[in-house]
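Examination of the molecular architecture
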Amino acid sequence: MQAVPHALMHIDGKWIDSTDHYEVRSPATEELVATLARGGPEHADEAVAAAKAAFEEGTWRATPPAERAAVLRQAVNRLMQRSQELVEMQVRENGAPVRLAEPLHIGTSLAHLRYQVDLVERYCFERPSAMVSPVLAAGLIRREPIGVCAAIVPWNFPLVHAGWKVVPALAAGNSVVIKPDERAPLTVVELVRELEAAGLPPGVLNLVTGDGPQVGGRLVEHPDVRKINFTGSTRVGHDVVRRASGGFRHLTLELGGKSANIVLEDADVQTAVDGALFAAMAYSGQICAAGSRLLLPDALHDAFLARLIERVKTLRIADPLDPLTDIGPLISRDRRDHALACVSDARAQGARVVHGGGIPSGPRYAQGHWMEPTIVTEVTPDMRIAHEEVFGPVLAVMRYRTVDEAVEIANGTEYGLAAGVWSRDNQTALDLAARLEAGMVWINDWYALPPHFPLGGCKQSGIGRESGAHSLDEYTQEKAVSIDLSGGVEGKLYSLLLGAESP
Ligand code: NAD
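Worth saying up front: this structure is predicted, and the values here are computed from it rather than measured.

1. With respect to the sheet that holds strand S1 (residues 6–7)
Read from one edge of the open sheet, 3 strands run S1-S5-S4, paired in mixed fashion. Single-partner strands in this sheet number two, and they are S1 and strand S4 (21–25).

2. Quick look at helix H6 (residues 158–171)
Between its first and last C-alpha atoms H6 spans 19 Å; for 14 residues at 1.5 Å apiece the expected length is 20 Å, and the two agree. When you tally the buried positions in H6, you get 14 out of 14 residues, the bulk of the element. Positive backbone phi, approximately 100 degrees, marks Gly173, located one or two places after H6.

3. Quick word on the nonpolar core
Among the nonpolar cores identified, the biggest contains 78 residues, and Leu170, Ile178, Leu195 and Leu205 are the most heavily contacted of them. Per element, the largest residue contribution to this core is 11 residues, and it comes from helix H5 (residues 98–122). A domain-level breakdown of this core finds at least three residues from each of domain 1 (15–255 + 457–481) and domain 2 (260–443). Excluding residues within four positions of it along the chain, Leu195 makes contact with Leu72, Ala75, Val166, Leu170, Leu200 and Leu205. In terms of nonpolar packing, the next biggest core, distinct from the first, is built from 32 residues, Leu340, Val394, Tyr400 and Ala406 among them.

4. Some words on the site of the ligand
Near the ligand you find 28 residues, and of these Val153, Trp155, Ser233, Leu255 and Glu389 are the closest. One of the backbone nitrogen or oxygen atoms of Val153 is found 2.8 Å away from an oxygen atom of the ligand. One of the side-chain N or O atoms of Arg183 is found 3.0 Å from an oxygen atom in the ligand. Its free accessible area being 850 Å², the ligand has 93% of it covered by the protein chains. Where the shell around the ligand is concerned, the elements lending two or more residues are helix H8 (212–221), strand S11 (225–231) and helix H9 (234–244).

5. What about the sheet that holds strand S15 (residues 352–355)?
Strands in a sheet are paired, the pairing made by backbone hydrogen bonds, and the direction either parallel or antiparallel. Spatially, S15-S16-S17-S14-S13-S18-S19 is the arrangement adopted by the 7 strands of the open sheet, whose pairing is mixed. The two strands at the open ends of the sheet, each matched to only one other strand, are S15 and strand S19 (440–443). Across the sheet, the mean angle from the axis of one strand to that of its neighbour is 25 degrees, orientation sign disregarded. Pairing of strand S14 (residues 293–297) with strand S17 (residues 394–400) involves 5 bridges; the strand directions are parallel. The partner of Leu295 across the bridge, within S17, is Met398.

6. What about the domain arrangement of the chain?
Interface size is commonly expressed as the accessible area that is lost once the parts come together. Assigned domains within the chain: domain 1 (15–255 + 457–481) and domain 2 (260–443). Summarising the inter-unit geometry, the C-alpha centres of domain 1 and domain 2 are found 31 Å apart. Contacts between the two partners involve 28 residues from domain 1 and, on the opposite side, 34 residues from domain 2. In total, about 2,500 Å² of surface goes out of reach between domain 1 and domain 2, with carbon and sulfur atoms giving 63% of it. Linking domain 1 to domain 2 there are 3 salt bridges. Linking domain 1 to domain 2 there are 15 residue pairs in polar contact (both at pLDDT 80 or more). Breaking the side of domain 1 that touches domain 2 down by element, the ones donating at least two residues are helix H4 (83–94) and H5. No other element matches the 5 residues that H4 contributes to the side of domain 1 that touches domain 2. Taken together, the residues that form the side of domain 1 that touches domain 2 break down as 11 nonpolar, 9 polar and 8 charged.

7. Examining the pairing of strand S5 (residues 32–37)
Counting buried residues along S5, 5 of its 6 residues qualify, which places the element largely inside the surrounding structure. In the sheet, S4 pairs with S5 via 5 bridges, with the strands oriented antiparallel. Directly across from Tyr22, in S5, lies its bridge partner Leu36. Counting the residues between successive antiparallel strands, the hairpin from S4 to S5 contains 6 residues, one of them, Glu30, with a positive phi of roughly 65 degrees.

8. Concerning the pairing of S17
Counting buried positions along S17 gives 6 out of 7 residues, so the element sits mostly inside the fold. Here strand S16 (residues 374–377) pairs with S17 via 3 bridges, running parallel. From the neighbouring strand, Thr374 faces S17, where its bridge partner is Val394.

Calculation rules
- Sequence order sets the numbering: in each chain, residues are counted from 1 along the sequence as written.
- Local features in this predicted model are restricted to residues of pLDDT 70 or higher, and side-chain atom pairs are both shown and tallied only at a pLDDT of 80 or more, whereas totals for entire chains, interfaces and linings draw on every residue.
- With hydrogens and water set aside, each side-chain value is computed from the structure's full complement of heavy atoms.
- A strand pair is defined by DSSP finding two or more bridges across the two strands.
- Each helix is a run of H or I in the DSSP string that is no shorter than four residues. Each strand is a run of E no shorter than two, and both are numbered from the N terminus.
- Multiply 1.5 Å by the residue count of a helix minus one, and that product is the helix's expected span.
- Only protein chains enter the area calculation, which uses a 1.4 Å probe; residues under 20% of their type maximum are buried, those over 50% are exposed, and those in between are partly exposed.
- Within this scheme, the nonpolar core is defined by two criteria: the residues are buried Ala, Val, Leu, Ile, Met, Phe, Trp, Tyr or Cys, and they are joined through side-chain atoms within 4.5 Å.
- Segmentation into domains, and thus their bounds, comes from an automatic or database assignment.
- Should any heavy atoms of two residues lie within 4.5 Å, those residues are counted as being in contact.
- Any residue with a heavy atom positioned within 4 Å of a molecule or strand is treated as near that molecule or strand.
- Any pair of N or O atoms that falls within 3.5 Å is considered a polar contact. Within protein, one atom must be able to donate a hydrogen and the other to accept it, and sequence-neighbouring residues count only if both atoms are side-chain atoms.
- Here the Shrake-Rupley method, with its probe set to 1.4 Å, supplies the accessible areas, and only the displayed protein chains count as covering residues.
- Working convention: axes come from line fits to C-alpha atoms, limited for helices to the stretch in contact. Angles between N-to-C directions cover 0 to 180 degrees.
- Accessible surface is computed with a 1.4 Å probe, and the buried area is the amount of it that two parts give up when combined, taken over both parts together.
- What makes a salt bridge here is a side-chain nitrogen of Lys or Arg within 4 Å of a carboxyl oxygen of Asp or Glu, nothing more.
- Residue polarity follows a fixed list, in which Ala, Val, Leu, Ile, Met, Phe, Trp, Tyr, Cys and Pro are nonpolar, Asp, Glu, Lys and Arg are charged, and the others, Gly among them, are polar.

What follows is the structure, given as structure tokens:
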């Protein structure tokens, strides 16, 4: 029998264990996948101290950007060579169906990492500014690293989120402490392993595994952490902001969503049906940008719904390692029970469950955290299911009469992460996109994530952006340096105070 792997923490260039351990169990079978060191606040403190010492010592930030890029590129190349292994690891720990994990969880992560590394060599770390009038002076605007960055990562796309945080932070010359979610840490451990092996100096990248409030909470309130990048729920995001408020820090928050998918009357119905299903059900709806609200015009409602129900019946709920599986398990029993409770509440509030709504029947589903893909109709904006993030395979269908009403419904939640528009008329769709409160809008598509697109939300979905062409801006701060070239006093501001007599 193969031994179960045990994952360690990485602090100041050393792999270390703790006296307490977690079990990582498959959400599909509840089998033991790995064990994991359970760190505490003292490990968070040690990691921040190591990161701070490495930053102050300065070897990494003094390394020329092209050499930093070469180290990062070596790690990304190694991860690419190991992509099949990473896919399997991902499926086992967080239950993503392999046909999704391969292109999205791992494929997209690696493509984005490669893009981020390529950016470093093109990034302008230093630029001259215009000559200053009336005094002859030259200016230099430098973009410098911020210091110790804390990166807190969720379980649903751990490698993507870890990479978006760690690679630009390191590329800019910062030191990092990363904390993955204890339910899905393994691909993050491999990212750290490959970066270390590529030649990062000790202390520049540290990994601490442990409870959210214990380790994550300590990291975000630590006075030596200068930048926090957190991805997770809006509820915890509020806690992060509270804890971080003891000092001034740079903050990027990527939080929850309740994204609206608006079908216009002129949409290509078959394409929109498939798109709506993918938006809501991919990875069992456990994606921050899931299209969990479908807004249908009265004129299309019944015909669209009939096709949607036909289509959802074809989804295969099975072992996520099986390449034919569409729907795998949810991450945990409590998340599944939460999703079921949201559906029950919707029913009690007058909505209709027209497909699914329960746990699939059969011996295969006795272990693991399964839920049927579920379609709920006659949903109105006042219902819990219309405004609360379910994070499960549940699509809330709502009707609208006019486009203005669709906009009002779409913008009517506290969230503002993503939105979608389906129309044959690009201009109409673009005009509607401009009215939607969302960080990302897809037109006739969903989850298109090219690496140069900035990702993030507005309102309670977060602040700041990740990924994209400007990701290094989030990990650098500007310093303005000006050099007087005139050699004299005339025209300078200080001559106003000292007067003409000054020597
Ligand atoms: P969560 O907020 O419970 O946990 C996320 C991470 O924060 C984990 O590593 C966890 O250990 C840590 N954490 C928990 N409590 C903490 C605390 N008090 N202080 C610091 N860190 C703490 O998130 P979840 O419910 O497990 O994940 C799903 C949520 O994440 C959903 O709301 C989803 O929308 C959101 N999410 C958002 C994005 C995005 O890009 N906007 C991406 C993925 C997931």
